[in-house]
Amino acid sequence: MISRATGWDPQRAATLGDSSGVTSVVPGDNDGVPGVNERQQWILDELRAGTDLRRGDIESRYKCSAKTAKRDLAELRERGLIEFVAKPAPGHYRLLCPVSG
C-alpha cells in the first residue's frame, strides 16, 4: 500500500531500495543474508574478508550518520552475527559465526 502522505511504497522499497538508496535483501534471495540491508550485507562481507571494521568505516563508505551506523551494527549484534572486540583500542567488529552469502 502506498502512503498518501509520502508516496512511499514499502513493497517497492523492499525490491528497489528506499529513499536513502539502501536496498533490502529480500528473504530467500541467494545474494545475501535474509533480512539485512545493503549496509549490513557489506559489513558482513567485509568481516568475512577479514577486515577489522569500525563504525567510522561504515559512515565513510555510505555517507551515513553515526546513529545509522550504530543501528545497523546493533541489529547485527542482536541477531548474534557479530561482536565488538574492545581491545586493542580503538576496537573493531568481528563475525561470531560463519555467515553464508
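The structure we're discussing is the one just above.
What you see is a predicted model; the values in this text were computed from it and never measured.

**Topic: the overall build of the chain**
Logical step 1: Each helix and strand in the chain was counted, giving 4 helices and 2 strands.
Logical step 2: Mapped in sequence order, the helices and strands of the chain form the string α-α-α-α-β-β.
Logical step 3: Residues counted as buried form 32% of the 101 residues belonging to the chain.
Logical step 4: Total accessible area on the chain is roughly 6,600 Å²; 51% of this is exposed by carbon and sulfur atoms.

**Some details on the side chain of aspartate 72**
Logical step 1: Along the chain, the position of aspartate 72 falls in helix α4 (residues 66–78).
Logical step 2: If sequence neighbours within four positions are ignored, aspartate 72 has contacts with Asn37, Arg39, Gln40 and Ile43.

About the cut-offs
Residues numbered from 1 in each chain as written. Predicted model: local features only at pLDDT ≥ 70, side-chain atom pairs only at ≥ 80, totals over all residues. Heavy atoms only, no water. Helix = DSSP H or I, 4+ residues; strand = E, 2+ residues; numbered from the N terminus. Buried < 20%, exposed > 50% of the residue type's maximum accessible area, 1.4 Å probe, protein only. Areas by Shrake-Rupley, 256 points an atom, 1.4 Å probe, with all protein chains shown as cover. Contact = heavy atoms within 4.5 Å.

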